[in-house]
Amino acid sequence: MTPDSIARWHNPALLDHLIRIRQPWDRLTRRIVRATLAKYLPHSPEILVEIGAGGGQLREWLPPEIAAVTTHTEPSKPFVEAFCQRYPDANVLAADAENLPFTSDSVSGVLALCVLDTLPDLATVRNELHRVLKPGGVVVHFLDLATSPDTLFPELIAGGEVPLTNFARDPGLLEVLPESKKALLPVADDFDEVLAVRWDAFVPFVGMLAKANQPIVADLGPYARLHQPGSFDPDRFALEFMAISADPSRLLALNRALLSLTLTARQMGRAWPLRAVSSRTHLRMKLQNTFATEHGFSLDFAGPISAWEMAPEFVLRHAGRTVSRLMPIPGTPVEEVEGTSLAAAPGKAVRATTVEVFVARKGVGPNLGSSACV
Ligand SMILES: C[S@@+](CC[C@H](N)C(=O)[O-])C[C@H]1O[C@@H](n2cnc3c(N)ncnc32)[C@H](O)[C@@H]1O
């Protein structure tokens, strides 16, 4: 890991921000974390290691007997200092997950909260976790917050797709769009941040419109110059995407242009393969591929786990977004993980959240990753 990639985490004010945005969901998230650990951690773990521990949020949610055997690691020195101030009794080490100060085959479980989605070299970290884990030891990752959509750009682009803002869910556009035109859009939900279109469909079409001086090209913002050879700078593109996404009026203008481009392409009968992508689903697939059997792991669980409690009105936080429109609560109910009986179906007045959970286990036999039947 380069010093630069750690330096982005040197601002302790970020930790206060994280505490603030997590606070309304604290009880529910704690319940999901505890249920997951009770179900998937090996019995009586002797050494547990947290990676990317930040200011200690996960410790806050751990049951005392788990916290007592956990060593928290974090490469950012300012975060380590903040952690030690908050939890003077905790065992905290400054360490990068690529190079952990533990002997091979010594650790019962590696825990992480909102970390694996931020690492540029996940394979190196995976190999290091495999080294330190005992056979049968687990990696447990929780993601309770949004993960930035730009984290999925490199792979979409390498796979021949252009990431577009999700104009198919823009309420400002959908309100005025006739049903016949809505039918031309891909199926997407509120939690899909990106629509991906094939590069070899998008770029020649925009190039053709630019050549014909079509005014729509000027409204395509960062997409307008993609047809110019050598003009694509992935970092600049990601920065522009995020800046526009954070500015409602620019986002509406860009979404309007992308919608119009898509409808024109479809009406002209051009190939326009477009699919909705959520960064959370993308991360889930990426973790499953990274911690796959051929790398010495087997999958115990991957997906959202949900919990709810009574509240004055319906509010759901899922995939880092908060919605107050009444809708089914996605994910595996926490009661199923706990093995407790399912509470009655939630009514309209609930506060609900989901946490994306990933659990992979280090293979136990020579056939690494295959589950041993007893
Ligand atoms: C989004 S923050 C999450 C912090 C904390 N776990 C939380 O959820 O509050 C990501 C954390 O990963 C850490 N990190 C970045 N690169 C890392 C690496 N190579 N190894 C271990 N941790 C890393 C950062 O320093 C940061 O603390």
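Residues numbered from 1 in each chain as written. Predicted model: local features only at pLDDT ≥ 70, side-chain atom pairs only at ≥ 80, totals over all residues.

When helices and strands are counted, the protein chain shows 15 helices and 13 strands. Taking 21 Å as the expected radius of gyration for a compact globule of 374 residues, we find that the protein chain reaches 23 Å, a close match to that expectation. Projecting the C-alpha coordinates of the protein chain onto the three principal axes gives extents of approximately 70 × 50 × 45 Å. Taking all 374 residues of the protein chain together, the buried fraction comes to 36%. (Helix = DSSP H or I, 4+ residues; strand = E, 2+ residues; numbered from the N terminus. Rg over C-alpha atoms; globule rule 2.2 N^0.38 Å. Buried ≥ 20, exposed ≤ 12 C-beta atoms within 10 Å, placed from the backbone.)

As a further point, take the environment of A349. Tracing the sequence through the fold places A349 in the loop between α15 (334-338) and β13 (350-362). Note: C-alpha distance between A349 and L143 (206 residues apart in sequence) is 25 Å. Excluding anything up to four places from it in sequence, A349 contacts M310, A311, P312, E313 and F314. (Contact = placed C-beta atoms within 7 Å.)

Glancing now at the site of the ligand. The ligand sits among 22 residues. The nearest are W9, G52, G54, Q57 and A97. Looking at side-chain class alone, the shell around the ligand contains 14 nonpolar, 5 polar and 3 charged residues. (Near = placed C-beta within 6 Å. Nonpolar A, V, L, I, M, F, W, Y, C, P; charged D, E, K, R; others polar.)

Bringing the confidence of the model for the protein chain into the picture now. Confidence in the prediction of the protein chain, expressed as mean pLDDT, is 90, and 95% of residues score 70 or more. Confidence drops under pLDDT 50 across residues 366-374; counting only partners more than four residues distant or on other chains, this segment forms 14 contacts. (pLDDT = per-residue confidence, 0-100.)

Across the sheet, 3 strands lie side by side as β6-β7-β8; this open sheet has antiparallel pairing. This sheet does not close on itself; its edge strands, each paired only once, are β6 (161-165) and β8 (274-277). Direction aside, the axes of adjacent strands within the sheet are offset by 35° on average. Looking at chain direction, strand β7 (residues 194-198) and β8 are connected through 4 bridges and run antiparallel. Looking at β8, one finds that V194 is bridged to V277. Of the strands in this sheet, β6 and β7 touch helix α11 (residues 199-211), which is tilted by about 80° from β7. Relative to β6, helix α13 (residues 248-267) is tilted by about 130°, and along the sheet it contacts β6 and β8. (Pairing = 2+ DSSP bridges. Axes fitted to C-alpha atoms, helices over the stretch in contact; angles between N-to-C directions.)

Along the chain, L299 falls in strand β9 (residues 297-310). Sequence separation between L299 and R361 is 62 residues, and the spatial gap between their C-alpha atoms is 6.3 Å. With near-sequence residues (within four places) excluded, L299 lies in contact with Q288 and A360.

Now for the nonpolar core. Of all hydrophobic cores here, the largest spans 57 residues; its most connected members are I32, V49, V110, A112, V115, V139 and A360. Every residue in contact with V139, bar those within four places of it in the chain, is listed here: V110, L129, F291 and A360. Membership of the second largest hydrophobic core comes to 24 residues, among which are F167, V197, L254 and L259. (Core = buried A, V, L, I, M, F, W, Y, C linked by C-beta atoms within 7 Å.)

Attention now moves to unusual backbone geometry. Located in the positive-phi region is S44, a residue other than glycine, with phi close to 45°. Position of S44 relative to the elements: it lies in the loop between α3 (26-40) and β1 (48-51). Phi at N213 takes a positive value of approximately 55°, unusual for a residue other than glycine. Along the chain, the position of N213 falls in the loop between α11 and α12 (234-245). Given 8 C-beta atoms within a 10 Å radius, N213 is considered exposed.

Turning our eyes to something else, we now look at the domain arrangement of the protein chain. Examined at the domain level, the protein chain breaks down into domain 1 (3-145 + 280-306 + 353-362) and domain 2 (149-277). For domain 1 and domain 2, the distance between their C-alpha centroids amounts to 35 Å. (Domains from an automatic or database assignment.)

With that settled, the discussion passes to helix α6 (residues 77-86). Taken together, the buried positions of α6 are F79, V80, A82 and F83. All buried residues of α6 fall inside an arc of 160° around its axis, so they share one side. For α6, exposure combined with an orientation more than 90 degrees from the buried face picks out K77 and Q85. (Arc of directions from axis to C-beta.)

Here β1 shows two buried faces, one formed by L48 and E50 and the other by V49 and I51. Taken together, the 3 bridges between β1 and strand β2 (residues 70-74) define a ladder with parallel strand orientation. Of the residues in β2, the one forming a bridge with V49 is T71. Strand direction decides the pairing type here: β1 and strand β4 (residues 107-113), joined by 4 bridges, are parallel. Directly across from E50, in β4, lies its bridge partner L111.

Take the environment of A302 next. As for its placement among the helices and strands, A302 is situated in strand β9. Judged by the 17 C-beta atoms lying within 10 Å of it, A302 falls in the partly exposed class. Considering only alpha carbons, one finds A302 and L287, 15 residues apart in sequence, at a separation of 8.7 Å. The contacts of A302, once residues within four sequence positions are left out, are R284, L287, Q288 and F358.

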